[in-house]
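Listed below are the residues making up each chain.
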Amino acid sequence: MAIDVRIPTILRGYTDGAKQVEGTGSTLDELIADLEQRHAGLRARLIDHGGLRRFVNVYLNDEDVRFLAGLETPVKDGDTVTVLPAVAGGAA
Amino acid sequence: MLNIPRDLRDKIVAHARKDHPDEACGVLAGPAGTDRPARFIPMTNAARSPTFYEFDSTEQFRLWQEMDDQDEEPVVIYHSHTATEAYPSRTDIGLAAEPEAHYVLVSTRDEDRTEFRSYRIVDGEVTEEPVTVLE
C-alpha cells in the first residue's frame, strides 16, 4: 500500500532533497509516523503537542485535512498527501 | 536584487491601498528558474486583520498546484503593513518558508506615500535588496 507524499522545499532536508516520497498507514497520523521511520525529524515539523502544527497545511488529494478529520483523516493506497507551509505573517 | 515590471509593482501597491487597513497579500508567479516575476495573483487574507495575514489554505493549494502544472514558481510573495514600516517583522521572518522567493513588503501607513521594499529571508536571516522597476 503506497501513499504519495509531496514535500515542500523547506522540508526536503529530511528527505535527502526528494520532493516526493512514499509511505503507508490507515490515517494521516499513522502515515506521518511511518515517514518518520525513514525521514527522522520530519514528524516534529508537522506535529506538536497540539496536533497538526498551526502554520503547516496538509492536504489529502485536494482537501485541507483540517476540513476532514485532521490527523485522524483516513488515507489509502493511491492517495496523494501534500504538505505546504502556510504563507503568513504580520506586523509584529 | 528584484527586477519587477512597473505594471506588476503598481498592481501590488493598488491591492495594498484597496485592502487598507487590513493587510493585503499575494504572489507574483514567474517561469521556474528565471527569477522573473510575470503574473500577478492577489490572494485572500484569510485573517482579514490589520496586523496579520495568512493565505486561505485552499486557495494556496490551488495556486501552488497551478504553478507546478505550468512550471512556475512564486518569485515574489508580497504583503502590506498598514501602520508600521515596510520591514519584515519577527512573525514575517519566523514564518517565511520559501527561501527562493523575494519577500516584498509594502507599507500603507502614510496616505500619500507607499513604501515598497524587497527582502530575501533565508534561515531566519533578512537581507534587504535593491528593487529595479522595469518600464
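Model, not experiment: these values are computed from the prediction. (Residues numbered from 1 in each chain as written. Chains lettered and ligands numbered in written order. Predicted model: local features only at pLDDT ≥ 70, side-chain atom pairs only at ≥ 80, totals over all residues.)

Trainee: Help me understand the overall build of chain B, please; the structure alone is not making it clear to me.
Mentor: When its secondary structure is counted, chain B shows 3 helices and 9 strands. Over its C-alpha atoms chain B spans a radius of gyration of 14 Å, differing by no more than 12% from the 14 Å that the globule rule assigns to 135 residues. Going through the 135 residues of chain B one by one, you find that 41% of them count as buried. (Helix = DSSP H or I, 4+ residues; strand = E, 2+ residues; numbered from the N terminus. Rg over C-alpha atoms; globule rule 2.2 N^0.38 Å. Buried ≥ 20, exposed ≤ 12 C-beta atoms within 10 Å, placed from the backbone.)

Trainee: Would you mind going over the overall build of chain A with me for this structure?
Mentor: Of regular secondary structure, chain A possesses 2 helices and 8 strands. Listing the helices and strands of chain A from first to last along the sequence gives β-β-α-α-β-β-β-β-β-β. In terms of overall dimensions, chain A is globule-like: its C-alpha atoms have a radius of gyration of 13 Å, near the 12 Å expected for 92 residues. Its C-alpha atoms put chain A at 45 × 30 × 25 Å along the principal axes. The burial tally for chain A puts 28% of its 92 residues in the buried class.

Trainee: Just checking my understanding: could you explain the interface of chain B and chain A for this structure?
Mentor: As a measure of interface size, the accessible area lost when the parts come together is often cited. Counting residues at the interface gives 23 residues for chain B and 18 residues for chain A. Breaking the side of chain B that touches chain A down by element, the ones donating at least two residues are β4 (52-54), α2 (57-69), β5 (72-81) and α3 (90-95) of chain B. Considering only residue class, the side of chain B that touches chain A consists of 10 nonpolar, 9 polar and 4 charged. (Contact = placed C-beta atoms within 7 Å. Nonpolar A, V, L, I, M, F, W, Y, C, P; charged D, E, K, R; others polar.)

Trainee: Would you mind showing me how to read helix α1 (residues 6-19) of chain B here?
Mentor: Residues and elements named next belong to chain B. Across its 14 residues, α1 extends 20 Å between first and last C-alpha, which sits within 8% of the 20 Å expected from 1.5 Å per residue. Considered for burial, the residues of α1 that qualify are Leu8, Arg9, Ile12, His15, Ala16 and Asp19. One side of α1 holds all its buried residues, which, seen down the axis, span an arc of 125°. Turned more than 90 degrees off the buried face of α1, the exposed positions are Arg6, Asp7 and Lys18. (Expected span 1.5 Å × (residues − 1). Arc of directions from axis to C-beta.)

Trainee: Help me understand the pairing of β5(B), please; the structure alone is not making it clear to me.
Mentor: Each regular strand carries side chains that alternate between the two faces of the sheet. All names here are of chain B. With respect to burial, β5 is a largely interior element, 10 of its 10 residues being buried. Relative to β5, strand β2 (residues 25-31) runs antiparallel, the two being bridged by 7 bridges. Across the sheet, Leu28 pairs through a bridge with Val76, a residue of β5. One ladder, built from 6 bridges, connects β5 with strand β6 (residues 102-107); its direction is parallel. Paired with Tyr78 across the strands is Val104, a residue of β6. A crossover links β5 with its parallel partner β6, the connecting element being α3, and its sense is right-handed. (Pairing = 2+ DSSP bridges. Right-handed = clockwise from strand over helix to strand, strands pointing away.)

Trainee: Quick question: what am I supposed to make of the sheet that holds strand β3 (residues 39-43) of chain B here?
Mentor: By way of backbone hydrogen bonds, the strands of a sheet pair with one another, either parallel or antiparallel. Residues and elements named next belong to chain B. Overall, mixed pairing links the 6 strands, which are arranged β3-β2-β5-β6-β7-β8 in an open sheet. Each edge of the sheet is formed by a strand with only one pairing partner; in this case those strands are β3 and β8 (125-129). Each adjacent strand pair in this sheet contributes to an overall mean axis angle of 30°, direction not counted. In the sheet, strand β7 (residues 115-122) pairs with β8 via 5 bridges, with the strands oriented antiparallel. Within the sheet, the bridge partner assigned to Ile121 lies in β8 and is Val126. Contacting β2, β3, β5, β6 and β7, α1 runs over the sheet at an angle of about 50° to β6. Sheet strands touched by α2: β2, β3 and β5. Its angle to β5, the strand with the most contacts, is close to 145°. (Axes fitted to C-alpha atoms, helices over the stretch in contact; angles between N-to-C directions.)

Trainee: Can you walk me through the nonpolar core in this structure?
Mentor: Residue and element names in this part refer to chain B. Residues Val76, Tyr103, Val104 and Val106 are the most contacted members of the largest nonpolar core, which totals 35 residues. Of all the secondary structure elements, the ones that give two or more residues to this core are β1 (2-5), α1, β2, β3, α2, β5, β6 and β7. Apart from the residues lying within four places of it in its own chain, the contact partners of Tyr103 are Ile77, Pro88, Ala96, Ser118, Tyr119 and Ile121. (Core = buried A, V, L, I, M, F, W, Y, C linked by C-beta atoms within 7 Å.)

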